[in-house]
Amino acid sequence: MTDYFEEFNITPLAQGETPNHMLHLARLLRDFGMSPYEFNDELPPPASKAFVDNLEEITSHEPESSCPICLKQFSAGEIAKKLDCKHIFHSTCILPWLEKTSTCPLCRHEFKTDNADYEAYKTHKKREKEREGEIENLHNSMFS
Amino acid sequence: MANIAAQRIKREFKEVIKSEEVAKCAIKLELIDDNYSELKGEIAGPPDTPYEGGNFVLEIKVPETYPFNPPKVKFLTKIWHPNISSVTGAICLDILKDQWAAAMTLRTVLLSLQALMAAAEPDDPQDAVVAKQYKENPEMFNSTARHWTNVYAGGPNKNPDFDQKIQRLTDMGVMSHDARVALSTYNWELERATEAIFT
């Protein structure tokens, strides 16, 4: 179980500190579905620079395997980038895509971005999901 | 056109020609011009839907930024479907907009469109009139979609009642397509359709 402050993703007021009314208003709007983040219908923002710079490079390929973006077969020794989801692409193919959006073109696995608003939105969504699960658990433990 | 787009379409084209869907005549792809930027697609209406037996032609335009951006696809064959405009053929499908991914191909697009024909999304409509009918009067929707399939896509199911109502309007000098649109919109009530056309 999480404590009250963690549950609502808030920190207690310090001695003499007054509530931040703008923050309250923002939370109120969010809870009534008027999210200040409008990422619902868009592609996620570009992948984080650090993530792109540190992508794993591989040079040996499974026989007959090809790059899902250009559909060309990998030739022996050709340098390719491997994403965290294990999918492999030519770097000339995957880099322009990651500059556009931070997902794997094959499985849609999401990677880190440099967009603080989007990361906050992602955390919020994740917390919302977890909370739903917790409520479900609580309900089941009470009514089973 | 940028090399990468043309190169990829070339490879995809080979893939589609060899695919089992082409062997089963479910999808078809043809080149329109020599630089691989414009194609013609064809999909067979899925079985057990009002589109069964029809053949639907699509216009496919490949942008220079393909496959990083989706192809532009619309129906050239007129169709009665909640997610496809009955006027322009424009399609409302997420993978042709914000849910596009670079690993998708023309083959997966055609198969997705076939799936869309079998399972409409009336809550995310392209054609509000059709979507309303789909939700409020599914039987009327089915017979209207079947009638459009018969007239525009070569489907086998004639509807003598609908044909007769259209005839009544064409006898008054209305173009048959305009008559069909008005009647389809007003659930084949001749009086209301006539009123809509002449006011």
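Residues numbered from 1 in each chain as written. Chains lettered and ligands numbered in written order. Predicted model: local features only at pLDDT ≥ 70, side-chain atom pairs only at ≥ 80, totals over all residues. Heavy atoms only, no water.

**Let's talk about the overall build of chain A**
Right, on to step 1. Assigned secondary structure in chain A consists of five helices and three strands.
Right, on to step 2. In sequence order, the secondary structure elements of chain A are arranged as α-α-α-β-β-β-α-α.
Right, on to step 3. Taking the principal axes of its C-alpha atoms as reference, chain A extends roughly 65 × 40 × 30 Å.
Right, on to step 4. Once local pairs closer than 6 in sequence are excluded, the contacts in chain A between residues at least 24 apart make up 46%.
Right, on to step 5. Of the side chains in chain A, 16 bear a positive and 25 a negative charge, and the two mean positions are spaced by 2 Å. (Helix = DSSP H or I, 4+ residues; strand = E, 2+ residues; numbered from the N terminus. Contact = heavy atoms within 4.5 Å. Lys, Arg positive; Asp, Glu negative; His and termini not counted. Charge placed at Lys NZ, Arg CZ, Asp CG, Glu CD.)

**A short note on helix α5 (residues 138-152) of chain B**
Residues and elements named next belong to chain B.
Right, on to step 1. Taking 1.5 Å per residue as the helical rise, α5 with its 15 residues ought to reach 21 Å, and the 21 Å between its terminal C-alpha atoms agrees with that figure.
Right, on to step 2. Within α5 the residues assigned to the buried category are Met140, Phe141, Ser143, Thr144, Ala145, His147, Trp148, Thr149 and Asn150.
Right, on to step 3. Where α5 is buried, its residues touch β3 (55-61), α4 (128-136), α6 (160-170) and α7 (176-185).
Right, on to step 4. Positive phi appears at Gly154, one or two residues downstream of α5, with a value of about 75°. (Expected span 1.5 Å × (residues − 1). Buried < 20%, exposed > 50% of the residue type's maximum accessible area, 1.4 Å probe, protein only.)

**Some remarks on the interface of chain A and chain B**
Right, on to step 1. Between chain A and chain B, the contact holds 15 residues from the first and 15 residues from the second.
Right, on to step 2. Across the chain A/chain B interface, buried area totals approximately 1,300 Å², and carbon plus sulfur atoms make up 59% of it.
Right, on to step 3. When the buried surface of chain A facing chain B is broken down by residue, Leu71(A), Trp97(A) and Arg108(A) rank first, second and third, together holding 38% of it.
Right, on to step 4. At the boundary of chain A and chain B, one finds zero salt bridges.
Right, on to step 5. Of the residues belonging to the side of chain A that touches chain B, the class tally is 10 nonpolar, no polar and five charged. (Buried area = accessible area lost by both parts, 1.4 Å probe. Salt bridge = Lys/Arg side-chain N within 4 Å of Asp/Glu carboxyl O. Nonpolar A, V, L, I, M, F, W, Y, C, P; charged D, E, K, R; others polar.)

**Remarks on the domain arrangement of chain B**
Residues and elements named next belong to chain B.
Right, on to step 1. Under the domain assignment used here, chain B contains domain 1 (3-118) and domain 2 (128-198).
Right, on to step 2. Put simply, the middle of domain 1 and the middle of domain 2, counted by C-alpha atoms, are 27 Å apart.
Right, on to step 3. Counting residues at the interface gives 14 residues for domain 1, matched by 20 residues for domain 2.
Right, on to step 4. Of the roughly 1,300 Å² buried between domain 1 and domain 2 on both sides combined, carbon and sulfur atoms contribute 73%.
Right, on to step 5. At the boundary of domain 1 and domain 2, one finds zero salt bridges.
Right, on to step 6. Between the two partners, domain 1 and domain 2, sit three residue pairs in polar contact (both at pLDDT 80 or more). (Domains from an automatic or database assignment. Polar contact = N/O pair within 3.5 Å; in protein donor to acceptor, adjacent residues only side chain to side chain.)

**Description of unusual backbone geometry**
Residue and element names in this part refer to chain B.
Right, on to step 1. Note that the residue after Tyr66, namely Pro67, is joined by a cis bond; omega there is 0°.
Right, on to step 2. In this structure, Pro67 sits in the loop between β3 and β4 (72-75).
Right, on to step 3. Its identity is not glycine, yet Asn187 carries a phi of approximately 50°, on the positive side.
Right, on to step 4. Within the secondary structure layout, Asn187 lies in the loop between α7 and α8 (190-198).
Right, on to step 5. The partly exposed category is assigned to Asn187, whose relative accessible area is 26%.

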